[in-house]
Structures are given as structure tokens and as C-alpha cells.
Amino acid sequence: MAGPRQQRKTVTVLFCDVSGSTALGERLDPESFRQVMRRYFDAARRVIESHGGTVEKFIGDAVMAVFGVPVLHEDDALRAVRAAAALGEEIAVLNRGLEADFGATVSIRTGVNTGEVVTGTDERLATGDAVNLAVRLEQAAAPGEIVIGPQTWALVRDAVTAEPLEPFQIRGKKQPVTAYRLLRVRGDVSRLRRHKAPFVGRRSQLGMLADAFAQITDDRSCGMFTVLGEAGVGKSRLAAEFLRGIDARTLTGCCLSYGQGITYSPTVSMVRQLLDTRDGCPGAAELMARDAKVAAAIDVLLGEQAAVTSPAEIAWAVRKLFESSAELAPLVAVFDDLHWGEPALLDLVEHITDFSRGAPILILCLGRLELLDRRPGWGGGKLNATTLLLEPLKPAETAALIDELVPTGSGLDPRLRERVQLTAAGNALFAEEMLALISESPSREPVLPPTIAALLAARLDQLQPGERTVLACGSVEGQLFHCGTVQVMAPEEHDVSGRLLTLVHKDLVRPDRGVLPGEEAFRFRHLLIRDAAYEALAKADRAELHELFARWLEERGTGPADFDEIVGYHLEQAFRYRCELGPAEEKSRRLSADAAGHLDVAGRRAMDRGDTSAAVKLLERAEALLPPQQINLALQESLIRGLAESGRLDDAISRAARVADWCAAAGDRVGELRVRLAGAIWRLQVDPETQFEQLRALVDQARPLIERHGDPAARAALEHAAGYLGFIRMQLTAALAAFTSGMEHARQAADLWLETSMRVMAARCIDLGPTPIPQALRWLDDAQAQSVTYQPQLDAWRAALLAELGCFGEARSLLAETLTQITERGLALFAAIAMQTAWRIEMLSGDDAAAEHAARLACEELDRLGERSRLSTRACQLAEALYALGRYEEARQWALRGLELGSTHDLVTQVYGLGLRARLLARNGEAGAALALAEQADGLAATSDSPQAQGNAALNLSEVLYLTGNPTRAQEMTHRAIEHYQRKGATAYTARAQRLAAAWASHRKPAPGIT
Ligand SMILES: Nc1ncnc2c1ncn2[C@@H]1O[C@H](COP(=O)(O)OP(=O)(O)OP(=O)(O)O)[C@@H](O)[C@H]1O
Ligand SMILES: [Mg+2]
């Protein structure tokens, strides 16, 4: 990321000079003079630094210091004034020594001024009018005096006593400047800072948090603590107080209240904090360097890499990063405003809570009660989770808070005090804001608005126009906003940073860490304040400002990880407000098209991350922005996938039909076919029995037209469907060819999602098809290399191929490692699916009991997860293992179940199921029926080009022939089976066939212990 370049900031400059030093120099010998000056400079540096200032330079006998560089403090002006006063006291002390040693004293003149300067990162020098004015003020001061500029005065006036000087003219300014002579800095200023109440009450809640923290550190475990409560009741403050009192690394991330679909922004900010080169965690950076899987997922998360991944992979990688940091010191991760969290973010938080082990991590979730509407069971059923409802403050606590904010005896009418307490009803924010309004109202007898929103509106209404403008512009960006964006939105405002500083002083905003490089950032102290500022804007202004901001971000070109989501959101808002104000004209149309473009990109990226629910929201918003007559096919295709992948198959299918009809009506035949193909694939999932033929007919019908006129996207859709058909029929060479060419077209169409899903399908063709094993292994290596993110299924298939080669040890350990990875990511369904490899390994190694165990586990797990479509093959595999163990009745039951669940077009299930039934019939003495079924299965397998399926069917037939007394033909069939296996180079299959055939030939049953 680019480092900050030059920055404009508002800082406070302190300039002081020793008066009468020339005379002193004449009286002292040079060596003594140097010594005096060194003592003075040392004292100056010490005092300035102890107040958080930076000494910029010593010029002759002058000192220049800046407050607000490199970091801005909300009270820089006051710090500078205090430093100036303290320096005066230091000089008095110094003078006593000088008087004694040299019989001479010094006195200093000081100027303090606040204003905008330009600062760089390399040279720390601050330059600008503000510096020049500080020098002028210093010159205007008499020896021993401190003179402060007008802006400094405005910022510190509550805390100092000062008297105005005669206004004086300075070069380059029309208006004369009024400066002030500082008389005294009051010691009790912190009590006067109205909106910084010390924390009151909440002792038991802090205690609960402390207990939770003690538990995670003692047990070195992960725990989740959720604080729920109404807006403004004090959740964030409670968390801040808790964090101040513990020794831990803390990460914070806030969910955004706007722009549905911005899933990961809190996570992104936490990860950035961990990986920060200055104050991040070295352990986290090392993990990124060491573990390619973590690095790949995190890069996708941060938007630094385009690749297809999944929420599970991202959650896993974030957890690994958290754990790496927690190894060194306890980690507290605060997810604030979680009631706005997208489902994938809530899943991530739960994943970390459920899976993290062995490292002290506290996940602190803060949110309003709506969180429970989104996730009714939040935290429920977890042994390591606590949920706390934060009630309003008790009357005595509210009273204490009011006392802290406005000490008794400060002139607040006791009746008004009581009204504030009653109205606030224990809401800390409400109480604070009412008091602020009262103290800012000239009459001190204001009408207290009944709701917090009305109250905030009233309070903002009393700000200076310039301050209001700055606040309103900031509110358009959001709770967190950048100085630069405000400047863009309010070009006529010449002192944005000065205004911001005043707003900081009024405690409406606070300096914060920005997300745009090189930009100073501020955060509304409370979101409701931002809402009030935003509400005050006219719609026409909102439209204009949202657009200005979006265009400015667009021009910068880079930005936060969710750049498109954010730009899209702001353009969308601009468009909406414009539409509310009047009929759409040319400009609005451009706005909506641009907004749709950004949201479309964002939606497709969310698809790539597997964040389907966010993707659907983003894409639906994009769609809504386009004129009804305009069909964006790529967008529609993504939306169909998003709906289907998030489990809304019916919606996906009906949308596909609708879009295809639109295309047909618009005369776009290629587009129509493309969408029909996409829809047909999803229909096949719902109803494989009848939809198979339909898809086949559609592919045949679409092919000539698409091949002649189609664009890459249409060709990719065509090949995808063709590959699918081939795969189901186990015509794997054809399927592989279709997927391979489909991948190429998808790449040309820049459709990463489709390309990746076709690569996974192609890998299955490689695994089950005639590609010889050594070549197949190389293919899998290449496939992995083509995607930066981890694809565990590729490893599962690699393990299966290794087993077919007879490398059982290697296969078992690779599979075990893969299953660990899958389970670590919480992917239960996927783990159940991958268990079929365990079955294959053990069946080939001859350990039928282990094979039975693996297949049973897979079936039970799939059953438990309610997954039907994958169960048919697994049921047949279990039947196969039971058969090998001689448990024929159980085998029969499972084979029937498999056939019942599987479609008649599903060749694998058919070959397995029929083959099993045939052998069982043969064992039952029903020779004719047995042979007929075994031959039917063999015939089916012959339509496939899977060596394994063909070999298995031949081997089954061979067994039936042995059992029905035809050893000669049986032997022939064994040879045929072996030929098939050898084509694949599957030596383990060959060995198994030989083993079994030898047993059959000697009339021994293949029972346990014999094979
Ligand atoms: N116990 C307390 N003592 C003193 N001030 C408090 C206390 N609780 C809250 N406040 C102040 O009240 C204001 C609102 O609190 P806070 O921001 O924590 O609310 P919240 O519950 O997080 O609201 P939201 O749901 O909108 O995020 C803040 O200015 C905070 O400093
Ligand atoms: Mg809060």
C-alpha cells in the first residue's frame, strides 16, 4: 500500500524565543553562554515532549514545536498552551540557577497558534501560514508573555483565562487578527470538558467481562462474550473501559449500518491491524509468510488477489491469524455493531468461537437487540459463550453521570437536572446530549426534545454554519470519514481541518484511524450523531454529495478492500435521491448505470468468495438500478448462481426462466439459450430423473447456434452443460474435453467462478476417467497451481489415485491431512463427501471392515445433514463393503436404498447397485435373473469410458458366472476387468481382481480373513 504522502492537517504551533540573549551573550564568555543556552534548550525539549509535542527545530535561540504531528490529539491546542505555561515555570527555575552561577537570567516570549499546515513524512517540517502567524504572535509578546492566536483561543477558552490584545494586521490577510494574552491555565480543565464523563456504574458488568477474560487466559482457550442493549445505553463504552484495564492485544472492527453486502469490513480492519508493519503482530506476519493457505485466503479477503474461495476458508484463515497472535499475548477482538453483520460475518465469528483451541482469545460482540432477530440462537448452546443484556443505567448512576458532566453548583437548575435524569431514563447518550444542548443554549432554559434523534438535531442546529457543513459532509461518507472527502464535498470551506478540530472539541467527532492511505480520519462519537447530521441535509444535497464522494473515490482508483461496494452504494444513494426529487434525466441514468456497474463487480467478487447471500443482495441491488428493458446477462447469470448456491434453487430456476423469456422477447436467441442452459443445470439438481433428457435436448439444440454466433460466455455455458451431461453418463473423455474448452471460454469471458467450478468437475473426470494415473496426478498438480486458494477436494482425489496405485500409506496420510483441514474449517458436509476416498482406499487395500466403517460414517453423516443427492453412491459403497464381509442381507438393503435414491441416469449408482443385486441373486440360486442383471450393468458400463466402472462391472459379472457354474466365461471376464484396470494403470484394482478371482476359482467365499 502506498504510504502517506504530503498531508494537510490542523496542528498547533508553539514558537518561543529568548529575549535579550544578545545582551547576555555580550556579558558572558562564549563557553558559559553556550552552557546557558544548552540548559534552556534541554528544558524546552523536555517540557514540550512531556506534553506530547514535537520539537521541529532550534533556530538561533528560538524553538519551534508542533502539536499534532505525527499523531493528532483531540486536545493538541490545550497541550500546546499548557506546554507554553509550563515552559515559563521551567525558565523561572532555570533562572535561579543562572543567577547563582553567572549573575544573569533569560526570559522568553511565546506565540501559540493553531491552523492548517502541510506535513510530509520524510522531513517533519510543518510549513504554512499557521507557522508564520505563530512567529508574529511571538514577536507581539512581551518578555515572559504567552500570546495565543484566535483559533487556539477558541479551542482552549474553557480551560484558560486570557485577555484580548489590540487587533493587528498581518501580511496576506485582509482582516486584522485578534490574539490573546494568556494569563492562566486552569488546573481543573478535565472536569470542565463537558462530554468526557468519567465512567459510572457498571461494576458487575465489568466484573463479568474480567471473569471471562481471566478464564480465557487461564485456560488458554477461546470464549465469546456478547453485550446486547439499546442504542446509546453504553455497550461500546463498557467495552472501551474493559479494554483499558487489561493486558492484551485488542482488535476492533465495526459493522456498517449501510450498504448491505459489505460483509467483511470489520474483519478486514482487524486483519490490517494485525498485519500492520509498525504495531501489528510479528507472529501474524510470520504465519502469512509460512502458510500459503492462510496467505491466499487473506489476500483474497483484503482484495489483493482475485481468486475463488469460500467463507469457510476465510474464517479458517482469520482464526489462524488470531491464534498466531494469541500465542504471544491474549487477544481480544471486538466486533462492534454486530446487529448489522452479514450472515457470513456472523458465521465467521461463530467459527472462531467454536473451533479455536489452545490460545487465549476473547471475542467480544457488541450489538443492539436486533441481532437476535437475525440470529435467534446467537451464542446459545455454546459452552464458551456468555450473553449479557446491558440494562439502562440505574437512577443513581444516571444522577452520578449528570453530576460528573455538570458538577453541582455549576448553575444548572436542579429542576432541569431532574428533568434530564427522568427523560434520559438511564440512557447515557441521551443524558450527555441533553446536557450538552443545555450548556450550549444561550437561554439555558431550552425545550428538551423528547427523543434522542430530535435532541441531536436540536444540538447540531446550534453549531456554526461552517461546522454544520463539515459535519454534514462527513456524515455522507459514514460514521468514519476522511478529512479529504469533506474538502471535496465542501470546496468553498477554507478551513476544514480547523472546523473538525472544533467539532472534536465539542466531542461530536473524534480523530480515528483512516482507511484511505494518507488521509486523516474522524469518527462520529456516536452513530446517532452521524444520523442526525445526515438527516439535516436536503435530499438534493445528499444526492450531490454522495455522488461527489463516489466520483472522488473512483478517481483515486484505490481504496478500501470493498471499494466497489462503497462506490456503488454512494452512487446508488445519489440516484435514489435524484429519483425522489424528479423524473430521471440523462445524468440520473448515467448514475444508475455506474452504480449498477460497481455493485455488479462487488457482487461477483462476493460470489468468488463464496459469500452467496451477500452476493445476492449486491446483485439484486445492481439489477434494480438498471432500466427494466436492459438485460445484463452476466449479472443475471451470477444472480442465478448466487440464489442456487445459497439454497434458493427454486428462485434460481424461476429467474433463469424469466430472464430467458426476456431475451427471447428481445430477439436475443443466443442469450436466451445461454440462460436456459444455466437454469437447466440447476433444474437437474432438483429433478434428475426428468430433467436429464431435457438438458440433453437443450444442449443439442443450442450447440449449432452458439458455436456459430455465440460469445465466450455463451460457449462456456454450453460446454458446462455438455460436460455435466457427459459426467453423469460417465463419458468422461467427452466430459473432460467439454470442461476444458469451457474453462478456456470462461477465462475469455472473465468468469472466474465458472472457470473454477469447471476445473473441479474436470478434476473428477480425470480421477474417474481413462487418464492414466501418473498423468492424472500431474494434472491435479497443475490444477492446484492454477488457483492460489486451497482446494481440498483436489487432495482428496489425489489420495484416491494414490490408493489405486497401491500406495496405501501415502494415500491414508494425505487423506487424513485433508480431512483435518476440512474439519478445521467446519465443513461437515464436505468431510462426509470426502469419506468416500477412505472407502476406496480401504476397499482396495483389502481391509473390508475399515471400508465398511468409512462408508457407514459417510452415510450416517449425509443422512444427518439431510443431504440426499450424494447418498445414493455412498449407500452402494456401503453395500459393497457389507457384501465383501459376507453380510448379504444388510448389503441387499443398502443396495436397494442406493438404487432408490439415485437417478436412472446416474451411471455410477446403476452399475454398483445392479451389480450387487445380481451377485446376491446368484448367491440365492436365481441364476437367470442374476446373469441378466449383471449383464445389464456390464452393458451400461460399456457406454461409459471409466476404466474403474467398466472393470468393476466385468468383475461383478465374473463373480456371477463363477457362482452360477460358468468358470470359463468367468475367467474371461476377470481378464477383461483387469484389462480395463490396466488401462488406467490402477495396479491396486488389478491386484484386487486377481485376489478375488483366485478365491472364487477355488470355490471359497470372499469372507473376512480370506481375501
Ligand atoms: N457507564 C457510563 N459512564 C459514563 N458514560 C457513559 C457510560 N455508558 C455510556 N456512556 C456514554 O454514553 C454515550 C453512548 O454510549 P455508547 O456509545 O457506548 O452506546 P452504545 O450502547 O454502544 O450505542 P450503539 O448501540 O448506538 O452503538 C457515549 O458517549 C458514552 O461515553
Ligand atoms: Mg456502540
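Residues numbered from 1 in each chain as written. Chains lettered and ligands numbered in written order. Predicted model: local features only at pLDDT ≥ 70, side-chain atom pairs only at ≥ 80, totals over all residues. Heavy atoms only, no water.

Asker: Could you give an account of the overall build of the protein chain, with specific residues and numbers?
Answerer: Each helix and strand in the protein chain was counted, giving 45 helices and 15 strands. Within the protein chain, the fraction of its 1011 residues that count as buried is 55%. Of the contacts made within the protein chain by residues no fewer than 6 positions apart, 68% connect residues no fewer than 24 positions apart. Carbon and sulfur atoms provide 52% of the accessible area of the protein chain, an area that totals close to 41400 Å². Of the charged side chains in the protein chain, 113 are positive and 133 negative; the average position of the first set lies 0 Å away from that of the second. (Helix = DSSP H or I, 4+ residues; strand = E, 2+ residues; numbered from the N terminus. Buried < 20%, exposed > 50% of the residue type's maximum accessible area, 1.4 Å probe, protein only. Contact = heavy atoms within 4.5 Å. Areas by Shrake-Rupley, 256 points an atom, 1.4 Å probe, with all protein chains shown as cover. Lys, Arg positive; Asp, Glu negative; His and termini not counted. Charge placed at Lys NZ, Arg CZ, Asp CG, Glu CD.)

Asker: So what's going on with the pattern of salt bridges? Residues and values would help.
Answerer: Following the criterion strictly, the structure yields 72 salt bridges and no others. A salt bridge links R856 to E890, with the nearest nitrogen and oxygen atoms 3.6 Å apart. You can see R856 sitting in helix α38 (residues 848-864) and its partner E890 sitting in helix α40 (residues 888-901), a full 34 residues away along the chain. Its relative accessible area of 23% is what places R856 among the partly exposed residues. The exposure class assigned to E890 is partly exposed, which follows from its relative accessible area of 31%. (Salt bridge = Lys/Arg side-chain N within 4 Å of Asp/Glu carboxyl O.)

Asker: Report on the sheet that holds strand β14 (residues 509-512), specifying residues and quantitative values.
Answerer: Spatial ordering of the open sheet is given by β13-β15-β14, a layout of three strands whose pairing is antiparallel. Each edge of the open sheet is held by one strand with a lone partner, namely β13 (480-482) and β14. In this sheet, adjacent strand axes meet at a mean angle of 35° when their direction is disregarded. As paired strands, β14 and strand β15 (residues 521-524) are joined by four bridges and run antiparallel to one another. Its bridge partner lying in β15, P511 is registered against F522. (Pairing = 2+ DSSP bridges. Axes fitted to C-alpha atoms, helices over the stretch in contact; angles between N-to-C directions.)

Asker: Tell me about the site of ligand 1, residues and numbers included.
Answerer: Taken together, 20 residues lie near ligand 1, and K235, R368, E432, R525 and H526 sit nearest. Within the backbone of V200, a nitrogen or oxygen atom sits 2.8 Å from a nitrogen atom of ligand 1. Relative to its free-state accessible area of 630 Å², ligand 1 is covered by the protein chains to the extent of 95%. Elements with a contribution of two residues or more to the shell around ligand 1: α8 (235-244) and α17 (428-440). In terms of residue class, the shell around ligand 1 is made up of eight nonpolar, four polar and eight charged. (Near = heavy atom within 4 Å. Polar contact = N/O pair within 3.5 Å; in protein donor to acceptor, adjacent residues only side chain to side chain. Nonpolar A, V, L, I, M, F, W, Y, C, P; charged D, E, K, R; others polar.)

Asker: Residues and numbers for the sheet that holds strand β8 (residues 222-228), please.
Answerer: Here five strands make up an open sheet; going across it, the order is β9-β10-β11-β8-β12 and the pairing parallel. Lying at the two open borders of the sheet, with one neighbouring strand each, are β9 (249-254) and β12 (385-389). Put simply, the sheet's adjacent strands are angled 15° from each other on average, direction ignored. With six bridges joining them, β9 and strand β10 (residues 331-336) adopt parallel strand pairing. Across the sheet, the residue bridging to C254 is D336, located in β10. Running at roughly 155° to strand β11 (residues 361-367), α8 makes contact with β8, β9, β10, β11 and β12 of the sheet. Running at roughly 150° to β9, helix α9 (residues 265-275) makes contact with β9 and β10 of the sheet.

Asker: I'd like a rundown of the packing of helix α7 (residues 203-219) against α8, residues and numbers included.
Answerer: The angle between the axes and the distance between the axes are what describe a pair of packed helices. One way to put it is that α7 packs onto α8 with a least axis distance of 10 Å and a crossing angle of 55°. Considered as vectors, α7 and α8 are oriented oblique to each other. Here α7 and α8 pass one another in a crossing that is right-handed. Contacts between α7 and α8 involve Q205, L206, L209, A210 and F213 from the former and L238, E241 and F242 from the latter. Of the residues assigned to the contact of α7 with α8, the class counts are six nonpolar, one polar and one charged. (Parallel < 35°, antiparallel > 145°, perpendicular 65-115°, else oblique. Left-handed = near helix turned anticlockwise from the far one by under 90°.)

Asker: Talk me through the confidence of the model for the protein chain; I want residue IDs and the actual numbers.
Answerer: Of the residues in the protein chain, 94% reach a pLDDT of 70 or more, and the chain-wide mean stands at 86. Taken element by element, the protein chain is modelled with least confidence in helix α6 (residues 189-192), mean pLDDT 36, and with most confidence in helix α32 (residues 732-748), mean pLDDT 96. For the stretch residues 188-195, pLDDT sits under 50, and the model shows 21 contacts to residues farther than four places along the chain or on other chains. Predicted confidence is poor over residues 1005-1011, with pLDDT under 50, and the contacts of this stretch with residues over four places away or in other chains come to 16 contacts. (pLDDT = per-residue confidence, 0-100.)

Asker: Please give an account of a nonpolar patch on the surface that cites residues and values.
Answerer: A cluster of nonpolar side chains, contributed by L369, L372 and L389, occupies part of the molecular surface with about 230 Å² of accessible area. Relative to the assigned elements, L372 resides in helix α14 (residues 370-374). (Patch = residues over 30% accessible without salt bridge, like charges linked within 9 Å, V, L, I, M, F, W, Y side chains within 5 Å.)

Asker: Outline the packing of aromatic side chains, listing residues and values.
Answerer: All chains considered together, the criterion is met by ten aromatic pairs. With a centroid separation of 6.1 Å and an interplanar angle of 25°, the aromatic rings of F481 and F522 are classed as stacked. With F481 in strand β13 and F522 in strand β15, this pair connects stretches of sequence that are 41 residues apart. Exposure remark for F481: the relative accessible area of 0% places this residue in the buried category. Residues Y981 and Y989 carry aromatic rings whose centres are separated by 4.8 Å and whose planes lie at 20° to one another, so their mutual orientation is stacked. The class for Y981 is buried, based on a relative accessible area of 1%. Given a relative accessible area of 3%, Y989 falls into the buried group. Taken together, the ring pairs in this structure connect F481, F522 and F524 into an aromatic cluster. One Lys or Arg, K293, reaches over the ring of Y790 and ends 4.6 Å from the middle of that ring. We note R919 situated over the ring of Y883; from NZ or CZ to the ring centre the distance is 4.6 Å. (Phe/Tyr/Trp six-rings, centres within 6.5 Å; stacked < 30°, edge-to-face > 60°. Lys NZ or Arg CZ within 6 Å of the ring centre and 35° of its normal.)

Asker: Give a detailed account of the pairing of strand β2 (residues 54-59), specifying residues and quantitative values.
Answerer: Here β2 pairs with strand β3 (residues 62-67) via five bridges, running antiparallel. In the strand pairing of β3, T54 is matched with V66. Linking β2 to β3, which pair antiparallel, is a turn of two residues; within it G60 sits at a positive phi near 55°.

Asker: Please set out the environment of V271 residue by residue, giving values where relevant.
Answerer: Secondary-structure assignment places V271 in helix α9. Along the backbone, V271 and L301 are 30 residues apart, and their C-alpha atoms lie at a distance of 9.3 Å. Ignoring anything within four residues of it in the chain, the contact list for V271 reads I298, L301, L302, V318 and L321.

Asker: Describe helix α19 (residues 465-477), listing the residues and the values that go with them.
Answerer: With 13 residues, α19 should reach 18 Å at 1.5 Å per residue; the first-to-last C-alpha distance of 19 Å fits that figure. Burial analysis of α19 places ten of its 13 residues in the buried class, which makes it a mostly covered element. Within α19, burial applies to G466, E467, V470, L471, A472, C473, G474, S475, V476 and E477. G478 sits one or two positions beyond α19 and adopts a positive phi of about 145°. (Expected span 1.5 Å × (residues − 1).)

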